[in-house]
Amino acid sequence: MATLVAAQKSRVSGSALAAALDELRHLLGDARVSTVLAVREHHGRDESWHPTMAPDAVIFAETTEEVAAAVTICAAYGIPVIPYGTGTSLEGHVAALEGGVTIDLSRMNNIVRVSPEDLDCTVQAGVTRKQLNEYLRDTGLFFPIDPGADASLGGMAATRASGTNAVRYGTMRENVLGLTVVLSDGRTIKTGGRARKSSAGYDLTRLFVGSEGTLGIMTEVTLKLYGIPEAISAAVCTFSSLEGAVDTVIQTIQSSIPMARIELLDDAQMDAINRYSKLDYPVAPTLFFEFHGTEASVKEQAEQVRAIAEEQGGGGFQWATTQEDRTRLWNARHMAYYAALALRPGARGLTSDVCVPISELARCITETKDDLAKSSLQGTLVGHVGDGNFHMLYLIDPENPAELAEAEALHERLVHRAIACGGTCTGEHGIGYGKIPFLQAEHGAAVSVMRQLKRALDPSNILNPGKIVRM
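Since we're looking at a predicted model, the values are computed, not measured. (Residues numbered from 1 in each chain as written. Predicted model: local features only at pLDDT ≥ 70, side-chain atom pairs only at ≥ 80, totals over all residues. Heavy atoms only, no water.)

**Regarding the overall build of the protein chain**
(1) Moving on: What the protein chain contains, in helices and strands, is 18 helices and 19 strands.
(2) Moving on: Taking 2.2 N^0.38 as the reference for a compact globule, 471 residues should give roughly 23 Å; the C-alpha atoms of the protein chain span a radius of gyration of 22 Å, in line with that estimate.
(3) Moving on: Seen through its principal axes, the protein chain has C-alpha atoms that stretch 70 × 55 × 45 Å.
(4) Moving on: When each of the 471 residues of the protein chain is scored for burial, the buried share is 56%.
(5) Moving on: In the protein chain, 72% of the contacts between residues at least 6 apart in sequence involve partners at least 24 apart.
(6) Moving on: By element, 51% of the accessible surface of the protein chain is carried by carbon and sulfur atoms, the whole surface being about 18900 Å². (Helix = DSSP H or I, 4+ residues; strand = E, 2+ residues; numbered from the N terminus. Rg over C-alpha atoms; globule rule 2.2 N^0.38 Å. Buried < 20%, exposed > 50% of the residue type's maximum accessible area, 1.4 Å probe, protein only. Contact = heavy atoms within 4.5 Å. Areas by Shrake-Rupley, 256 points an atom, 1.4 Å probe, with all protein chains shown as cover.)

**Looking at the packing of aromatic side chains**
Any pair of aromatic rings gets described here by the distance separating the centres and the angle formed by the planes.
(1) Moving on: By the definition in use, this model includes 9 aromatic pairs.
(2) Moving on: A centroid spacing of 5.9 Å and a plane angle of 80° characterise the contact between phenylalanine 288 and tryptophan 330, whose relative ring orientation is edge-to-face. Taken as a pair, phenylalanine 288 in strand S14 (residues 286-293) and tryptophan 330 in helix H13 (residues 323-334) lie far apart in primary sequence, 42 residues in all. Judged on exposure class, the residue phenylalanine 288 and its partner tryptophan 330 are both buried.
(3) Moving on: Each ring, one from phenylalanine 289 and one from phenylalanine 317, has its centre 5.9 Å from the other, and the planes form 5°; the classification is stacked. Of this pair, phenylalanine 289 sits in strand S14 while phenylalanine 317 is found in strand S15 (residues 314-320), placing the two residues 28 residues apart along the sequence.
(4) Moving on: A connected cluster of aromatic rings, assembled from ring pairs, spans Phe289, Phe291, Phe317 and Trp319.
(5) Moving on: Over the aromatic face of phenylalanine 317 sits the side chain of arginine 306, whose NZ or CZ is 5.2 Å from the ring centroid. (Phe/Tyr/Trp six-rings, centres within 6.5 Å; stacked < 30°, edge-to-face > 60°. Lys NZ or Arg CZ within 6 Å of the ring centre and 35° of its normal.)

**Notes on the sheet that holds strand S2 (residues 57-60)**
(1) Moving on: Spatially, S1-S2-S4-S3 is the arrangement adopted by the 4 strands of the open sheet, whose pairing is mixed. Of all the strands in the sheet, the pair left with one neighbour each is strand S1 (33-34) and strand S3 (81-84).
(2) Moving on: Direction of pairing for S3 relative to strand S4 (residues 101-104): parallel, over a ladder of 4 bridges. In the strand pairing of S4, tyrosine 84 is matched with aspartate 104.
(3) Moving on: Running at roughly 175° to S4, helix H4 (residues 64-77) makes contact with S2, S3 and S4 of the sheet. (Pairing = 2+ DSSP bridges. Axes fitted to C-alpha atoms, helices over the stretch in contact; angles between N-to-C directions.)

**Focus on helix H5 (residues 129-136)**
(1) Moving on: Of all the positions in H5, only Arg129, Leu132 and Leu136 are classed as buried. Along the axis of H5, the buried positions cluster into a sector of 65°, meaning they face one direction only.
(2) Moving on: Where H5 is buried, its residues meet strand S5 (111-115), strand S6 (120-124), strand S7 (141-142), helix H6 (153-158), strand S10 (217-224) and H13. (Arc of directions from axis to C-beta.)

**As for the packing of helix H10 (residues 242-254) against helix H12 (residues 295-311)**
(1) Moving on: One way to put it is that H10 packs onto H12 with a least axis distance of 9 Å and a crossing angle of 140°. For the pair H10 and H12, the crossing hand works out as right-handed. Residues Thr248, Gln251 and Thr252 of H10 form the contact with H12, whose own contacting residues are Val305, Ile308, Ala309 and Glu311.
(2) Moving on: When its residues are assigned to classes, the contact of H10 with H12 shows 3 nonpolar, 3 polar and 1 charged. (Left-handed = near helix turned anticlockwise from the far one by under 90°. Nonpolar A, V, L, I, M, F, W, Y, C, P; charged D, E, K, R; others polar.)

**Some remarks on the sheet that holds strand S8 (residues 176-182)**
(1) Moving on: In spatial order, the strands read S5-S6-S10-S8-S9; together these 5 strands make up an open sheet with antiparallel pairing. Pairing within the sheet leaves two strands with one partner each, and these edge strands are S5 and strand S9 (188-192). Sheet twist, expressed as the mean angle between neighbouring strand axes with direction ignored, is 10°.
(2) Moving on: Bridge count between S8 and S10: 6 bridges; the pairing is antiparallel. Paired with valine 182 across the bridge in S10 is isoleucine 217.
(3) Moving on: Its contacts with the sheet place H5 against S5, S6 and S10, and it is angled at close to 45° to S5.

**Looking at helix H17 (residues 436-443)**
(1) Moving on: Listed in full, the buried residues belonging to H17 are Ile436, Phe438 and Leu439. Mapping the buried residues of H17 onto a view down its axis gives an arc of 155°, with all of them on the same face.
(2) Moving on: On its buried side, H17 packs onto helix H16 (401-420) and helix H18 (446-457).
(3) Moving on: Once H17 ends, the next one or two residues include glycine 444, with phi positive near 55°.

**Remarks on the nonpolar core**
(1) Moving on: Residues Leu264, Phe289, Ile365 and Phe390 are the most contacted members of the largest nonpolar core, which totals 57 residues.
(2) Moving on: With residues up to four places along the chain from it excluded, the contact list for isoleucine 365 reads Leu242, Val246, Leu264, Leu381, Val385 and Phe390.
(3) Moving on: Ala57, Ile73, Met108 and Ile462 belong to the second largest nonpolar core, which has 28 residues in total. (Core = buried A, V, L, I, M, F, W, Y, C linked by side-chain atoms within 4.5 Å.)

**Structural notes on the packing of helix H2 (residues 14-28) against H4**
(1) Moving on: The contact between H2 and H4 brings their axes to 9 Å, and the two run at 165°. The orientation of H2 relative to H4 falls into the category roughly antiparallel. Like other packed secondary-structure pairs, H2 and H4 cross with a definite hand, here right-handed. Between H2 and H4, the contacting residues are Ala16, Ala19, Ala20, Glu23, Leu24, Leu27 and Leu28 on the first element and Glu66, Ala69, Ala70, Ile73 and Tyr77 on the second.
(2) Moving on: Looking at the contact of H2 with H4, its residues break down into 10 nonpolar, no polar and 2 charged. (Parallel < 35°, antiparallel > 145°, perpendicular 65-115°, else oblique.)

Rendered as structure tokens:
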């Protein structure tokens, strides 16, 4: 990654930047335009191991009109624009590879409307998933997409995020109904709508969802909502082998049991969680389950899964039926990344993010764990395995070239293994700039079509340049 650090060089001339910043300060005021190094560095890094690449300036927008005006100014001077939500991405999405101006959308945090009768809402891009669900608490509704981090909903749409509930409720792709988007020339468009289906023209909503800020900047998102289930129950089950846990997942999905969540954690990750969250689960391969439905259906689902698990060597079911117990359980799961990092203080995490057909899950996980065992690295495995998505986290010292090279080699083997069996290099983290070579391996000639789309919508390549496709 040293080559990328060395390659970071602002393409913005000093005079162009100074002129643009004068106009941006006139638009937003001095307080909302910052060139302070600490602010710039904060906005040039995410949660990953990728190095900080700071923009030349950061601005704080509060309306769609301000975003549009700011993009118009930057376009006039050829200045790159990088959208920023909460900075929780994992593939360098917010890195200013060519300098430029970061537009921080966190102040765009208004919930525009909620329509309980239609089960939908519209929010500004800076609203976070926890903020939305707190607002919805008294309506009997919730938004289920849960990537773990309290990410902004604009950022979640931009990376096509999913998370623990995806096996039942889908990903952001299935749950975004419409968008307000600012294009590279400052024009503002609306895509989609509130209707649950439409045959009107190209599906621009799906084009922008997952585009990682390279085709346009999302400023408002219209989302599907769901009724809070009558009954919710969670359980933890440990297994004598990783293979038994994975086979339980496969049989559960193939039996069409409508699970809300199935999360796999290997023994190393369970050890990390116990240490970090002060828990006392057995240090063994473990599945976290959650069941949604009526009282009767939840009970039936739980008994079916228990029977499957026991056949595969699972035991010691621990139930979490109260809100407090479920919150404690899932908070521990959501902190898995930080728990793993704490196993080696000062380390960073190089994370994989493959997703494979469910029939290939056992082989992919087993071969991946075998690779790790033969290496000199420490790592943990977690996964939203109900839909075939799992993460291998390699703990590395990013300043140690040998460790970085070994982790990248293991990661590359894993990704090519997933692609070879019909899977993908990223189930939910996105491409950023960290996975660009794997996108080519996965999609081949289709990447050239993606590049054509980028040129058509962003001919000057100012929108988050260097991400997804290189121009």
